[in-house]
Amino acid sequence: MPDPQQPYEPERAVAGTGMGGQMDLGASEAITLEKTPESPDGTGPQDKPRSLWSDAWHDLRRNPVFIISALVILFLIVISIWPSLIASGSPLKCDLAKAQEGSQSGHPFGFNGQGCDVYTRTVYGARTSVAVGVLATLGVAVLGSVLGGLAGFFGGAGDAILSRITDVFFAIPVVLGGLVLLSVITSNTVWPVIGFIVLLGWPQISRIARGSVITAKQNDYVQAARALGAFNSRLLLRHIAPNAIAPVIVVATIALGTYISLEATLSFLGVGLKPPSVSWGIDISAAAPYVRNAPHALLWPSGALAVTVLAFIMLGDAVRDALDPKLR
């Protein structure tokens, strides 16, 4: 034990030994005892625990699949908003004298059966596909999340009724339903196609949201908040929704690519978008009869469609891997 008569020295410190005694330490030694614990690998101070979203972003930044798919999607979004950046012509300008001709200077993809520039139409076709995919996914995610989340939270008769309604919608063949419903609509905009996709797509998101909410509301922190008097709105918005939204985001991201291919399928069958609209499905349908004489008119829009759908599916898979704790 240090002498009580000894003058106080700021550079000295007294620390307990853990055995009932004390020991006199230098300032540098005392500071060493107060250092934050190092990380398991010994490289430095241990970081504070990250949340699910920050941890997922940490993993996504190091995932090459996510980086490649995100760059492709970013490129598609840019040319959808500003197609004139890489295509100077008009997609509706055609010259029958050049019908089915191959690649030429200034026209790298050649011409289709109507003499239209395939490159320009392929670039402008991205606008329609991306718009339909994004808007339909937003509608499906919002409608399905709200209905499924409320049904899973409150349960009872509303949950039972919603479950039976979703069973009915799951029994409707998508393509056959599109042929029936869209064939009676004469509008030449993207809104009928978006509305049809939302109408038949929300049950899938609804079931995902319902199951996720049912799981989340059973957690201890939700029960504690309820015991403290939290209202249902606060429980849903502050405690349940942030912890139940991850599966919805994953499914919606993957479904976005599916919705793009569905729009192209409906346009190919003649019940989706119709000329003079520019769509990959319309171009594929128009080029199919001339595939032997002008295969380039079919291959380029088909390739663009395949790359777009694949990019969104890869993005969804990467997000799923990052948000799934079981895969860590």
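Heads up: the structure comes first, above all this text.
Residues numbered from 1 in each chain as written. Predicted model: local features only at pLDDT ≥ 70, side-chain atom pairs only at ≥ 80, totals over all residues. Heavy atoms only, no water.

A.B. asks: Sorry if this is basic, but what is going on with the overall build of the chain here?
C.D. replies: A tally of regular secondary structure across the chain gives 12 helices and two strands. At a minimum sequence separation of 6, the contacts of the chain that also span at least 24 residues come to 65%. For the chain, the accessible surface area stands at approximately 18600 Å², while carbon and sulfur atoms represent 65% of it. (Helix = DSSP H or I, 4+ residues; strand = E, 2+ residues; numbered from the N terminus. Contact = heavy atoms within 4.5 Å. Areas by Shrake-Rupley, 256 points an atom, 1.4 Å probe, with all protein chains shown as cover.)

A.B. asks: How do you make sense of empty space enclosed by the protein when you look at a structure like this?
C.D. replies: Picture a little ball the size of a water molecule; that probe, rolled over the atoms, points out where space is still empty. Inspection of the entire model under this criterion finds one cavity of 30 Å³ or more. Of the voids in this model, the largest cavity is the one considered here, and its volume is about 40 Å³. (1 Å grid on protein atoms, 1.4 Å probe; cavity = no way out; pocket = protein on both sides within 12 Å on 5 of 7 lines; lining within 4 Å. Points joined across faces, edges and corners; volume = space filled by probe spheres on them.)

A.B. asks: What's the story with the state of the cysteines in this structure? I'm lost.
C.D. replies: Structurally, a disulfide amounts to a covalent bond that connects the sulfur atoms of two cysteines. All told, the structure shown has one disulfide when counted by the stated rule. Here Cys94 is linked by a disulfide to Cys116, with a sulfur-sulfur distance of 1.7 Å. Taking the sign of the torsion about the S-S bond as the criterion, the disulfide between Cys94 and Cys116, at about 75°, is right-handed. One end of the pair, Cys94, is in the loop between helix 3 (64-81) and helix 4 (118-154); the other, Cys116, is in the loop between helix 3 and helix 4, and 22 residues separate them in sequence. Residue Cys94 is classed as partly exposed on the basis of its relative accessible area of 38%. Of the residues examined, Cys116 reaches a relative accessible area of 4% and is grouped as buried. (Disulfide = S-S within 2.5 Å. Buried < 20%, exposed > 50% of the residue type's maximum accessible area, 1.4 Å probe, protein only.)

A.B. asks: Even after reading the chapter, I still don't get the packing of helix 4 against helix 9 (residues 232-244), so can you show me in this structure?
C.D. replies: The description of two packed helices rests on the angle between their axes and on the distance between the axes. Remark: helix 4 packs on helix 9, axes separated minimally by 12 Å, with the N-to-C direction vectors making an angle of 115°. Read as a crossing pair, helix 4 and helix 9 show a hand that is right-handed. When helix 4 is examined against helix 9, the residues Leu150, Phe153 and Phe154 are found in contact with a partner set consisting of Asn232, Leu235, Leu236 and Ile240. For the contact of helix 4 with helix 9, a count of residues per class yields six nonpolar, one polar and no charged. (Axes fitted to C-alpha atoms, helices over the stretch in contact; angles between N-to-C directions. Left-handed = near helix turned anticlockwise from the far one by under 90°. Nonpolar A, V, L, I, M, F, W, Y, C, P; charged D, E, K, R; others polar.)

A.B. asks: Got a minute to help me understand the environment of Ile284 in this structure?
C.D. replies: Secondary-structure assignment places Ile284 in helix 11 (residues 280-287). Residue classification places Ile284 among the buried positions, given a relative accessible area of 13%. In this structure, Ile284 is in contact with Phe268, Leu298, Pro301, Ser302 and Leu305, ignoring residues within four places of it in sequence.

A.B. asks: Honestly, the layout of surface pockets in this entry has me stumped. Any pointers?
C.D. replies: Taken as a whole, the largest pocket holds about 330 Å³ of empty space. Along the wall of the largest pocket there are 20 residues; nearest its centre are Asn112, Gln114, Arg121, Asp283 and Ala286.

A.B. asks: What's the story with the nonpolar core in this structure? I'm lost.
C.D. replies: Soluble globular proteins: nonpolar side chains tend toward being buried together. Judged by nonpolar contacts, the single largest core of 35 residues is most densely connected at Ile260, Leu305 and Leu323. Contributions of two or more residues to this core are made by helix 2 (52-60), helix 3, helix 4, helix 10 (246-268), helix 11 and helix 12 (296-323). Core analysis: the next-biggest nonpolar cluster, separate from the first, contains 21 residues, Leu200, Val248, Val251 and Leu262 among them. (Core = buried A, V, L, I, M, F, W, Y, C linked by side-chain atoms within 4.5 Å.)

A.B. asks: Teacher, can you tell me more about the side chain of Asn112 here?
C.D. replies: As for its placement among the helices and strands, Asn112 is situated in the loop between helix 3 and helix 4. Overall, Asn112 belongs to the buried group, its relative accessible area being 13%. Other than its neighbours up to four places away in sequence, Asn112 contacts Ala99, Gln100, Val118, Arg121 and Ala297.

A.B. asks: Explain unusual backbone geometry to me, please; I cannot follow it from the model alone.
C.D. replies: Among all residues except glycine, the phi angle is most often negative; among peptide bonds, the trans geometry is most common. Following Pro275, the chain continues to Pro276 via a peptide bond in cis, the omega torsion being 10°. Its place among the elements puts Pro276 in the loop between helix 10 and helix 11.

A.B. asks: Hey, could you run me through helix 10 in this one?
C.D. replies: Every α-helix winds through 3.6 residues per turn, so residues three or four apart in the chain are directed the same way. Helix length check: helix 10 (23 residues) gives 34 Å between terminal C-alpha atoms against 33 Å at 1.5 Å per residue, within 8%. Leu256 marks where helix 10 bends most, by close to 25°. (Expected span 1.5 Å × (residues − 1). Bend = angle between axes of the 7 residues up to and from the residue.)

A.B. asks: Even after reading the chapter, I still don't get the packing of aromatic side chains, so can you show me in this structure?
C.D. replies: The relation between two aromatic rings is expressed through the spacing of the ring centres and the mutual angle of the planes. Scanning the entire structure with this criterion turns up five aromatic pairs. Here the aromatic rings of Trp57 and Phe66 are separated by 6.2 Å at their centres, their planes lie at 90°, and the arrangement is edge-to-face. Owing to a relative accessible area of 46%, Trp57 belongs among the partly exposed residues under this scheme. On the basis of relative accessibility, which here comes to 14%, the residue Phe66 falls in the buried class. Here the aromatic residues Phe109, Tyr119 and Trp300 are joined through ring pairs into a cluster of three or more. (Phe/Tyr/Trp six-rings, centres within 6.5 Å; stacked < 30°, edge-to-face > 60°.)

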